[in-house]
Structures are given as structure tokens and as C-alpha cells.
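Examination of the molecular architecture
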Amino acid sequence: MGSVVTEKVKLIGALLALQFCFAGFHIVSRLALNIGVSEVVFAVYRNLIALLLLSPFAYLLEKNQRPPLTVSLLVQFFLLALVGITANQGFYLLGLYYASPTFASALQNSVPAITFVLALALRLEEAKITRRDGLAKVLGTIASVGGATIITLYKGPPLLHLQMDQLQGDTIEVDQSSTKTQNWTWGCIYLLGHCLSWAGWIVFQAPVVKKYPAKLTLTSFTLFFGLIQFLVIAAFAENDLENWKIISLEELFILLYAGIVASGIVISLQTWCIQKGGPVFVAAFQPVQTFLVAVMAALILGDQLYTGGLIGAILVVLGLYLVLWGKTNEKNVTDPSITKPLLKEEEENKETDEAPKDIP
């Protein structure tokens with residue numbers, strides 16, 4: 001029992017670490033756009049760095065664990081890349097161009113709800129509202145999305161009355177010069193496409209991980225196909241060679257963070273978390289990001305914090321707790337599901353191994 005609790009603590013710790021990494025990525029992505037890095041170039045370098053980082057580990061560590069490759073698996077890897085890499089990252093960068101990091105993160109809180117609906121449609125998840133656990137998952141999802149909506153639509157009075165002029169520096173000039181060109185409607189559309197792609201990737205990845213449990217190799221193939229897809233886009237959308245040059249240490253740091261942390265480490269860690277906890281459980285931690293991004297944006301970009309953000313954050317945390325409670329207390333499930341935490345299966349396997357066996 002103690003080992004199972006330890007594994008659950010590891011899973012929750014990994015999911016919280018994921019949200020910190022994602023929150024940092026929101027900030028560095030906005031900085032990249034502020035200094036003029038092309039969206040396509042940013043995506044190509046990000047996935048190239050991640051692929052170069054992960055592929056050697058995938059080859060060495062999973063040399064004897066990889067199932068045989070089939071045409072069907074390669075097609076599924078390609079589709080995972082199309083949804084989880086190309087569409088996901090492309091829509092995100094386009095949406096971030098028109099919106100702020102905090103707004104982008106707040107809208108991403110729709111991912112648990114979208115994931116929940118997709119998982120229900122594909123019968124990978126169940127929610128019987130006549131039971132307490134099913135009702136908790138539904139109410140928790142609604143609370144999380146509601147909190148994110150409040151953060152997005154209601155500011156209220158500022159929490160911190162600080163003079164941010166000197167802190168913002170050049171960021172203010174960039175924001176003022178780009179305000180006229182921002183189109184929040186298109187920003188919402190692009191970010192919604194990003195959320196749909198992300199939720200689809202989380203759900204569709206779950207059965208693929210079950211068929212192909214070599215997680216690093218799976219991630220490497222996904223990054224490879226995503227890189228190829230972005231290179232095809234770049235051939236038409238980014239022909240200026242000057243845009244491909246890295247001209248500053250700031251730009252180099254941003255690209256390394258995006259490639260090593262936001263793609264390499266995060267995708268591998270999220271794949272592991274999906275295998276251990278299931279897609280809905282992983283998506284339930286997404287709202288934590290909104291609060292982290294709001295704080296980071298205030299400290300780094302000079303964004304102000306408002307009471308609406310505090311109220312929304314409270315709802316987000318409440319909703320997260322309800323979803324986690326509902327997921328932990330699922331009852332009357334007879335068959336193991338790929339969306340049910342595999343920690344329970346590990347406990348059952350352990351009990352089976354420890355049971356007395358007949359000697360032939």
C-alpha cells in the first residue's frame with residue numbers, strides 16, 4: 001500500500017512540474033514573438049532541438065523494449081504529430097500573437113472539459129452522475145472552466161498597486177505598438193483550435209501508448225513527423241533566410257528552453273503521466289497553469305494582477321480538487337481502462353504475484 005501511495009505522489013509531483021514548465025513556455029514564447037522570431041522558425045527549431053535531445057536516449061534506453069514497427073503504427077505516429085505537434089503548436093503561436101500569455105493560459109483551461117467530452121464520446125471515460133465520483137468529475141470540470149472564464153472576462157480592481165513602467169521597459173513599447181494590430185477574435189479562434197488539438201492529442205495518444213509502450217521512441221517519432229510537417233509549411237511560408245539566423249543570446253535561450261524543456265522533457269513527461277493516470281486525470285491539472293502564468297507574467301512581463309484572477313483561481317483549484325477526488329474514488333469499474341490510473345493495476349498485479357501458486 002505504501003508503494004502505491006508513493007507512486008501517486010510521484011504522479012502528482014510530475015504533473016505539477018509539467019505545469020511549471022508549461023507556464024515558463026508561455027512567457028518565453030511571448031518574448032520570442034516580441035523580439036521578432038518567426039512563428040514557423042520558432043516551431044522548427046523547437047522540435048529539431050527536442051528531437052536531437054530525445055532520439056539518442058530513445059535508441060539506447062529502449063533498444064530491447066520497442067515493439068515491431070508497422071505501417072499502421074507509423075500512420076498513427078504521423079497523425080499524432082499532425083494533431084499534437086503541428087496543429088497544436090501552430091494554432092498556439094498564432095493565437096499568442098494576437099493575445100497575451102495569461103489569456104492564452106486561461107483559455108487552455110477548456111482542455112479538461114474538451115478532453116472529458118472526447119473521452120466520453122470514445123468510451124475511454126465514464127461519468128455516471130448518479131454516483132458521487134461521476135458527479136464530482138462533471139462539477140469539477142465545470143468549476144475549472146468557469147474559473148478560467150472569470151479570469152479571462154472579469155478583471156476587477158488590481159491586487160497590487162505597483163508602478164510597473166520601469167519594470168516593463170521595452171515590453172510596454174512593444175505592447176503599445178502592437179495593440180492596434182491585435183485581433184482578439186482571431187486570437188480566440190486560433191487558441192480554441194489549439195485547445196481542441198491539445199485535447200485530441202491527449203485522448204488519441206492514450207491507446208497508442210498502450211500499443212507502443214516505448215514512450216521515448218514514441219515521442220521521438222512524433223517529433224520527427226512534426227518537424228517534417230513544419231518544414232513543409234516553412235518551404236511555403238518562410239523563404240527569407242535572414243529569419244532563420246539566431247542573432248542574440250536571448251533568442252538562443254528561448255529556443256533552447258522551447259526545445260529542451262517545453263518539447264523534449266515536457267512531452268516525454270506528459271506521455272508517462274498519461275500512461276500512469278489517463279488523459280482526463282492529466283488534463284485536470286491544466287488549470288494550475290493559469291495562476292502560475294499570471295504570476296510569471298506580472299514579474300517578468302509587467303502584467304498586472306487583478307481580483308478577477310484571484311476569484312477565478314479559487315474556482316480553478318476547487319474544480320481541480322473535485323476532478324481529482326472523483327478520479328480517485330471511481331467505483332464499480334470491472335475492466336481496467338487506459339484512462340484509469342495504472343497505479344491501481346500495479347497494485348493488483350503485485351497482489352497477484354504475491355498470491356500462493358500451485359506447484360505442478
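Throughout what follows, the structure given in this document is the object of discussion. (Residues numbered from 1 in each chain as written. Predicted model: local features only at pLDDT ≥ 70, side-chain atom pairs only at ≥ 80, totals over all residues. Heavy atoms only, no water.)

1. Considering the pattern of salt bridges
Filter applied, for reference: Salt bridge, as applied in this entry: a Lys or Arg side-chain nitrogen positioned within 4 Å of an Asp or Glu carboxyl oxygen. Each residue is assigned to one of three classes by its accessible area relative to the maximum for its type, calculated with a 1.4 Å probe on protein chains only: buried under 20%, partly exposed between the two thresholds, exposed over 50%.
Here the structure, examined in full by the defined rule, presents one salt bridge. The partner of glutamate 242 in a salt bridge is lysine 245, and the shortest N-O contact between them spans 3.1 Å. Note on lysine 245: relative accessible area 45%, which makes it partly exposed.

2. A word on the packing of helix α2 (residues 39-61) against helix α10 (residues 215-237)
Selection criterion: Comment: axis = line fitted to C-alpha atoms, over the contacting stretch for helices; angle = value between 0 and 180 degrees taken between N-to-C directions. Helix numbering and strand numbering both begin at the N terminus, where a helix is a DSSP run of H or I of at least 4 residues and a strand a DSSP run of E of at least 2. In these notes the angle categories are as follows: under 35 degrees is roughly parallel, over 145 is roughly antiparallel, 65 to 115 is roughly perpendicular, and the rest is oblique. A clockwise turn of the near helix away from the far one marks a right-handed crossing, whereas an anticlockwise turn of less than a right angle marks a left-handed crossing. Whether two residues touch is decided by their heavy atoms; if any such pair falls within 4.5 Å, the residues are in contact. Residue type decides the class: Asp, Glu, Lys and Arg count as charged, Ala, Val, Leu, Ile, Met, Phe, Trp, Tyr, Cys and Pro as nonpolar, and the leftover types, Gly among them, as polar.
As a packed pair, α2 and α10 sit with axes 8 Å apart at the nearest point and diverge in direction by 155°. Viewed along their axes, α2 and α10 adopt a mutual orientation that is roughly antiparallel. Like other packed secondary-structure pairs, α2 and α10 cross with a definite hand, here left-handed. Of the residues in α10, those touching α2 at Val40, Ala43, Val44, Asn47, Leu48, Ala50, Leu51, Leu54, Ser55, Phe57, Ala58 and Leu61 are Leu216, Thr217, Thr219, Ser220, Leu223, Phe224, Leu227, Phe230, Leu231, Ile233, Ala234 and Ala237. Taken together, the residues that form the contact of α2 with α10 break down as 19 nonpolar, five polar and no charged.

3. Some words on helix α5 (residues 111-121)
For α5, the complete set of buried residues consists of Val111, Pro112, Ile114, Thr115, Phe116 and Ala119. Once α5 ends, the next one or two residues include arginine 123, with phi positive near 60°.

4. A look at the side chain of asparagine 88
Stated precisely, the cut-off is as follows: What qualifies as a polar contact is a pair of N or O atoms within 3.5 Å, subject to a donor-acceptor requirement within protein and to the restriction that residues adjacent in sequence count only when both atoms come from side chains.
Checked against the element boundaries, asparagine 88 lands in helix α3 (residues 71-98). A polar contact is formed between the side chain of asparagine 88 and the side chain of histidine 194, at a distance of 2.5 Å. Ignoring any residue separated from it by four or fewer positions in sequence, one finds asparagine 88 in contact with Val83, His194, Ser197 and Trp198.

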